[in-house]
Amino acid sequence: EVQFVESGGGLVQPGGSLRLSCAASGFTFDGYTIGWFRQAPGKEREGVSCTSSVFTYYTDSVKGRFTMSSANAKNTVYLQMNSLKPEDTAVYYCAVRRAFLRGSCLVTGIYDYWGQGTQVTVSS
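Predicted, not measured: the structure shown is a model, and the values here were computed from it.

### So, the pairing of strand E1 (residues 3-7)
Piece 1. Judged by which residues are buried, E1 turns out to be one-sided: Phe4 and Glu6 face inward and are buried, whereas Gln3, Val5 and Ser7, on the alternate face, are not.
Piece 2. Bridge analysis of E1 against strand E3 (residues 18-25) gives 5 bridges, and the strand direction is antiparallel. What sits directly across from Gln3, in E3, is Ser25.

In structure tokens:
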């Protein structure tokens, strides 16, 4: 079964950092496509970062600030978020695609499973 939980969100001041975690239960992420998405109130869900095969992608607004990585055991993926801005405020979701992917992984429609989300608030 495919089950996972996001964590690590919270309230942080502008310029601060957070590390989000997506922890797998009953499987490993090895060989899967993994994406981090976010959705702010009144806005569409957007891709933040994703990894497929050996490549990792970032949306332009987070390049240079966010970094996606994984644990050695491939049971947890992370999103390190630095230099946070108020516009980063959103619910952040981890998403998983099991099947092989050819093409962009920053697209919501390709994912089979979604976590429950974790709230990130950047505010003074």
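### Here's the deal with the side chain of Thr59
Piece 1. Note that Thr59 resides in the loop between strand E6 (55-58) and strand E7 (66-70).
Piece 2. With residues near it in sequence (within four places) discarded, Thr59 still touches Gly47, Val48 and Leu106.

### Focus on the state of the cysteines
Piece 1. Scanning the entire structure with this criterion turns up 2 disulfides.
Piece 2. Between Cys22 and Cys94 runs a disulfide, and the two sulfur atoms are separated by 2.2 Å. Measuring handedness by torsion sign, the sulfur bridge of Cys22 and Cys94 sits at about -85° and is left-handed. Placement of Cys22 in strand E3 and of Cys94 in strand E9 (residues 90-97) is noted, with a sequence separation of 72 residues between them.
Piece 3. The connectivity of the disulfide-linked cysteines in the protein chain, indexed sequentially, is 1-3, 2-4.

Rules used throughout
- Residues numbered from 1 in each chain as written.
- Predicted model: local features only at pLDDT ≥ 70, side-chain atom pairs only at ≥ 80, totals over all residues.
- Heavy atoms only, no water.
- Buried < 20%, exposed > 50% of the residue type's maximum accessible area, 1.4 Å probe, protein only.
- Helix = DSSP H or I, 4+ residues; strand = E, 2+ residues; numbered from the N terminus.
- Pairing = 2+ DSSP bridges.
- Contact = heavy atoms within 4.5 Å.
- Disulfide = S-S within 2.5 Å.

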